[in-house]
Amino acid sequence: MSTKPKSGGFAALVRRIFQSRYAGALISLVLVSVFLSIYQPVFLTWPNMMNIVKSNSVGFILALGATYVVISGTVDLSFGSATTASAMAFGLLLVAGTPLTLAILGAIVAGLLLGFINGFLVAYAKISFFVVTLGTLSVFQSMALVVNSGTSVSVFSVPGFSALNQFVNGNIGPLPVLLVFNIVLFLIAGGVLRFTAFGRSLYAIGSNIEAARLNGINVKRVLLLVFIISGLTAGLASVVQVGRLTVASPNVDMNLLLTVLAAVLIGGTAMTGGEGGVLGTLIGMLFLGVVQNGLTLSGVSSFWQGALSGSILILSVWLGGIRGVLRAQKQTQLE
Amino acid sequence: MKQIPKETAAVLVEVKGISKGFPGVKALSGVDLTIRAGEVHALTGENGSGKSTLSKVIAGMHRPDEGTIRIDGEICELETPADAIARGIVMISQELTLAPTLTVAENIFMGRLPKSSWGKIDWSRLRADAVQVLDRLGVHVDPNALVSDLSIELQQEIEIARALSTDARLLILDEATSSLSEAATKRLLELVVQERDKGMAVLMITHRMPEIYAVSSVATVLRDGCLISTVPIPQTSEEELVRLMVGRELGDYYSKQDIAPGELVLDVKALAAENGTFAPTDLVLRRGEILGLAGLAGSGKSEFAQALGGAITARGQVQVAGKPMALGDPRATIRAGVGYVPDDRKGCAILPVRNIAENFAMAWMDRLTRNGLISLRRQKSEVASAIQDYGVVTASADTLISTLSGGNQQKIVLGRIVRRQPDILVLNEPTRGVDVGAKTEIYKMLQRAAKEGAGIIVISSELPEILGISDRIAVFFEGRIVAEFDGPTADEEAIAHAAVAGVKRHPQPTVTKETEV
């Protein structure tokens, strides 16, 4: 039996953080940040910090959805393609003269619809999530290419678009809009996980799907919903992406797929489901963002970024595994 | 019967002072066992008595915490099953260990395929060898058939064929007959006798009396992980053996109270599993009544419980408190007022990576939620009082459930259902893998629920438990209820015979006479 940590107090807080699943990512984040602050004076400046936030906000939005999916014990491999397809829908709607708000709505609906397809096939047709989302990864990508014969849609000159561009690049007080937007999404995502029956069901299903089913949790509906949420984040991410880049590209950014899943896993959300949360994902995303920023500041070729984030992913999951083994051994000894 | 006299036969395996603990349970403490060549040694005891653990220690699957194993007088450290097999110890367990996508011959000689030059597999020799082993067993099956195409029973025989083909000196049968039909059981026992006479030692783990008396010459009884006695067979009577197995006064242990049965609360008509594991079955249950369902593994009793709990699809009519209940849907079952506790705690009941509070709250989601939001404050108070009421030993409600002992886990699993005060409780092996202390706690929970007006169905493989808690006992055999007994007056032997032979009053234990050569 473990001794109960005293509630409150700084020591208790530190102990809680060190015992948490994202302790490794947090410590790494602090170490890398300290290192960069010393050797790259530009690193610790406000514009650079906000640059990190902005350039990772599309990934972060997607990572929130991916966190939900991974907690439920499944994986969505198709969110990158869904984002691309939604972006193309958004671009084409704008070019066709649709008012900005309606076009944004259209992009979000497109994302929801693609998520619904995934969720329906996984939850109701009972096809393996891996097969479904590997298939739709390809299907959604193909759709994005087909709709405009494989060419990008430039929305820069579309009247009304500049409002969105200015908005996503703008500030609310001293804070960039994207930072505020991400914080709001983060708080909603965390709140839903913690305080709603849906959120708790997600952990239950990820931990033991049969136990969840036998105790009256509507497993099919929850799984459908989780993929719809993944689609929703793809829709939102596509709007932010097009808003920033002023162009909708039909090609999926494979690096985005890796970064997002890496952020979720580095943040301590277990691939096996039932564990983790969006705070870990936030830390994981910041860590990857800071490393990437450090490479850029140090003048390392961006071609190296993939190798580094991939290695970090493998290393962190390996270390997490060791931690799990150690914890299990400690428990057996106690008994 | 030309059995080698016990005193002169060479000691093959000698086990001394073996102890083995698992998280939260002491499975074996200081057990001795001597197995001689040419002897069939029965190892018996109630479920949870440690007989399977002991056999796994001898077969190299578990390493003992204390004690020694001597083989041919020499101390051995068996670290893996391969070590045991190398010394001629082969175990056949209830669970099959065949590769279903390979052929019969490949399975029999798995890891030992005959090779010709250049390391090429000698298929014709493989087939010939397989035919030879199968003939010895009297099994007629094509050695080229895929194992997945065979019946479970034939698969079990393939498993036995594999053991025989290894020139085993000690064959351990861990309830190997539990999934076999009568004819196949007879064949297996004949084979045991045949191999015994050739000098093989057999350790037979079973609690079926007819089998023990048919082939064994000595029986060792375990209870709660301790050696109770090693006695000669057939000099020791069946009654004496049962007394050694059960060993305690059953009266107060089960906290049995007299509760007058109330109105009819469950009416089951022609309920049958879609997967055919049990035939259309009728059953009624009154409020305050505890009905025990007995039967062997595979008799359909467990699937009957699963069907009532909505865990598997089924057809038929089930009325709960006068209202029809939809089948095959756990949500409908819960709404109808049925609380189901599955037998596989790890696989179907707990969320291993979550804490006690969440494991409890999972079954209370509907009552703790308003407008989709969970009241964490209500959750906290419900969990705290459940922990107190059911005597769960834990530091706090935030403790990971998988760090608790089996008994404390089960108190949570059972408590979250009982506390909802359902009209009917269906409990599938509620005390499996649970220590004695937690058992008494669980029996008290059942009595309290019965007193509060629930109708309770308990499925159990432990006859003493069924006898101790039930007002009425029904026995499943090959997918049917074949006998019913009044709880307080039922006698263990009659129930056991109904479970083994499918009839209420046994004429003759059919296996016995014919297998003795």
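Residues numbered from 1 in each chain as written. Chains lettered and ligands numbered in written order. Predicted model: local features only at pLDDT ≥ 70, side-chain atom pairs only at ≥ 80, totals over all residues. Heavy atoms only, no water.

A. Structural detail: the overall build of chain B. Across its full length, chain B holds 19 helices and 22 strands. Radius of gyration (C-alpha) of chain B: 25 Å, near the 24 Å computed for a compact globule of 517 residues. For the C-alpha atoms alone, the extent of chain B along its principal axes is close to 75 × 55 × 45 Å. By the burial criterion, 55% of the 517 residues in chain B qualify as buried. Sequence separation of 24 or more characterises 67% of the internal contacts of chain B that already satisfy a separation of 6 or more. Just so you have it, chain B exposes about 21,800 Å², and 51% of that area is on carbon and sulfur atoms. (Helix = DSSP H or I, 4+ residues; strand = E, 2+ residues; numbered from the N terminus. Rg over C-alpha atoms; globule rule 2.2 N^0.38 Å. Buried < 20%, exposed > 50% of the residue type's maximum accessible area, 1.4 Å probe, protein only. Contact = heavy atoms within 4.5 Å. Areas by Shrake-Rupley, 256 points an atom, 1.4 Å probe, with all protein chains shown as cover.)

B. Region of the structure containing helix 18 (residues 492-501) of chain B. Of all the residues in helix 18 of chain B, the buried ones are A494, I495, H497, A498 and A499 of chain B. Taken together, the buried residues of helix 18 of chain B touch helix 8 (238-246), strand 13 (290-294), helix 17 (463-469), strand 21 (472-477) and strand 22 (480-486) of chain B.

C. The interface of chain B and chain A, seen in detail. On the side of chain A, 28 residues touch chain B, which itself brings 35 residues to the contact. Roughly 2,500 Å² of surface becomes buried between chain B and chain A when both sides are summed, with 60% attributable to carbon and sulfur atoms. The tally of links from chain B across to chain A stands at one salt bridge. Notably, a salt bridge pairs E358 of chain B with R200 of chain A, separated by 2.6 Å at the nearest N-O pair. Our count for the contact surface shared by chain B and chain A stands at nine residue pairs in polar contact (both at pLDDT 80 or more). Of all elements in the fold, only helix 10 (330-336), helix 11 (345-349), strand 18 (373-374) and helix 15 (406-418) of chain B reach the threshold of two or more residues within the side of chain B that touches chain A. Taken together, the residues of the side of chain B that touches chain A break down into 21 nonpolar, nine polar and five charged. (Buried area = accessible area lost by both parts, 1.4 Å probe. Salt bridge = Lys/Arg side-chain N within 4 Å of Asp/Glu carboxyl O. Polar contact = N/O pair within 3.5 Å; in protein donor to acceptor, adjacent residues only side chain to side chain. Nonpolar A, V, L, I, M, F, W, Y, C, P; charged D, E, K, R; others polar.)

D. Layout of the pattern of salt bridges. Residue and element names in this part refer to chain B. For the structure on display, the rule yields 27 salt bridges over all chains. K16 serves as the salt-bridge partner of E14, at 3.7 Å between the closest nitrogen and oxygen. We classify K16 as partly exposed; its relative accessible area is 45%. For the salt bridge of D197 with R196, the shortest nitrogen-to-oxygen distance reads 3.2 Å. For R196, a relative accessible area of 4% gives the class buried. One salt-bridge network, held together by shared partners, links R378, E382, D389 and R419.

E. Representation of empty space enclosed by the protein. The full count for this structure, using the stated rule, is seven cavities of 30 Å³ or more. In this structure, the largest cavity occupies an estimated 80 Å³ of space. If you go around the largest cavity, the residues you meet are R200, Y203 and A204 of chain A together with L351, E358, A361, M362, M365, I374 and Q379 of chain B. Looking at the lining of the largest cavity, the elements with two or more residues in it are helix 10 (197-207) of chain A together with helix 12 (356-361) of chain B. (1 Å grid on protein atoms, 1.4 Å probe; cavity = no way out; pocket = protein on both sides within 12 Å on 5 of 7 lines; lining within 4 Å. Points joined across faces, edges and corners; volume = space filled by probe spheres on them.)

F. Structural context of the domain arrangement of chain B. Residue and element names in this part refer to chain B. In terms of domains, chain B is made up of domain 1 (11-246) and domain 2 (252-501). On a C-alpha basis, the centroid separation for the pair domain 1 and domain 2 is 33 Å. Listed per partner, the contact involves ten residues of domain 1 and eleven residues of domain 2. Interface area, domain 1 with domain 2, both sides summed: about 1,000 Å², of which 53% is carbon and sulfur. Linking domain 1 with domain 2 are zero salt bridges, by the criterion used here. Applying the counting criterion to the domain 1 and domain 2 interface returns zero residue pairs in polar contact (both at pLDDT 80 or more). (Domains from an automatic or database assignment.)

G. Quick peek at the sheet that holds strand 9 (residues 218-223) of chain B. Residues and elements named next belong to chain B. Strand order in the open sheet made by the six strands is 6-7-8-3-9-10, with mixed pairing throughout. The two strands at the open ends of the sheet, each matched to only one other strand, are strand 6 (89-92) and strand 10 (226-232). With direction set aside, neighbouring strand axes in the sheet form an average angle of 20 degrees. Pairing geometry for strand 3 (residues 40-44) and strand 8 (residues 201-205), over four bridges, is parallel. Within strand 8, the position partnered with L43 by the bridge is I205. Strand contacts of helix 1 (residues 51-58): strand 3, strand 6, strand 7 (170-174), strand 8 and strand 9, with the helix running at about 150 degrees to strand 7, the strand carrying the most contacts. Contacts between helix 8 and the sheet are confined to strand 3, strand 9 and strand 10, with strand 9 contributing the most and set at about 30 degrees to the helix. (Pairing = 2+ DSSP bridges. Axes fitted to C-alpha atoms, helices over the stretch in contact; angles between N-to-C directions.)

H. Representation of the sheet that holds strand 14 (residues 314-320) of chain B in the model. Residues and elements named next belong to chain B. As summarised here, the arrangement of the four strands in space is 12-11-14-15, forming an open sheet in which the pairing is antiparallel. This sheet does not close on itself; its edge strands, each paired only once, are strand 12 (281-286) and strand 15 (323-324). Contacts from helix 9 (residues 301-308) reach strand 11 (264-273), strand 12 and strand 14, with the element oriented near 115 degrees to strand 11.

I. Structural view of the environment of I92 of chain B. Residues and elements named next belong to chain B. Note that I92 resides in strand 6. As for I92 and Q317, which are separated by 225 residues in sequence, their C-alpha atoms are 40 Å apart. When residues no more than four places from it in sequence are discounted, the contact partners of I92 are Q156, E159, I160, A163, L171, I172, L173, D174 and A176.

J. The arrangement of the packing of aromatic side chains in detail. Residues and elements named next belong to chain B. A complete count under the given rule lists eight aromatic pairs over all chains for this structure. For the ring pair F278 and F304, a centre distance of 5.4 Å and an interplane angle of 75 degrees mean the geometry is edge-to-face. Note that F278 is positioned in the loop between strand 11 and strand 12 and F304 in helix 9, a separation of 26 residues in sequence. Of the two residues examined, F278 and F304, each falls in the buried class. Their ring planes at 25 degrees and their centres at 5.5 Å tell us that F360 and W364 sit as a pair that is stacked. With a relative accessible area of 2%, F360 lands in the buried category. Relative accessible area serves as the criterion here: at 4%, W364 is assigned to the buried category. (Phe/Tyr/Trp six-rings, centres within 6.5 Å; stacked < 30°, edge-to-face > 60°.)

K. Seen up close, a nonpolar patch on the surface. A cluster of nonpolar side chains, namely V30, V34, F35, I38 and Y39 of chain A, defines an oily patch on the protein surface of about 540 Å² accessible area. As for its placement among the helices and strands, I38 of chain A is situated in helix 2 (residues 23-39). (Patch = residues over 30% accessible without salt bridge, like charges linked within 9 Å, V, L, I, M, F, W, Y side chains within 5 Å.)

L. Examining the packing of helix 9 (residues 177-195) of chain A against helix 10 of chain A more closely. Residue and element names in this part refer to chain A. At a minimum axis distance of 5 Å, the contact between helix 9 and helix 10 shows a crossing angle of 75 degrees. Judged on the interaxial angle alone, helix 10 and helix 9 are roughly perpendicular. Residues V192, L193, R194 and F195 of helix 9 touch helix 10, and the partners they reach there are A197, F198, G199, R200, L202 and Y203. A class-by-class count of the residues in the contact of helix 9 with helix 10 yields seven nonpolar, one polar and two charged. (Parallel < 35°, antiparallel > 145°, perpendicular 65-115°, else oblique.)

M. Seen up close, the side chain of T74 of chain A. All names here are of chain A. Along the polypeptide, T74 turns up in the loop between helix 4 (57-71) and helix 5 (79-95). A polar contact of 3.2 Å, which involves the side chain of T74, links it to the backbone oxygen of V69. In terms of polar contacts, T74 uses its side chain to reach the side chain of S72, at 3.0 Å. Not counting residues up to four positions away in its chain, the partners in contact with T74 are V69, F129, L223 and F227.

N. How the structure looks around the nonpolar core. Ranked by internal contacts, the top residues of the largest apolar core, which has 91 residues, are L62, Y68, F90, L202 and I217 of chain A. Among the elements that take part in this core, helix 12 (residues 219-245) of chain A stands out by supplying 13 residues, more than any other. Counting residues in hydrophobic clusters, the runner-up holds 40 residues, among them L368, V434, A449 and I456 of chain B. (Core = buried A, V, L, I, M, F, W, Y, C linked by side-chain atoms within 4.5 Å.)

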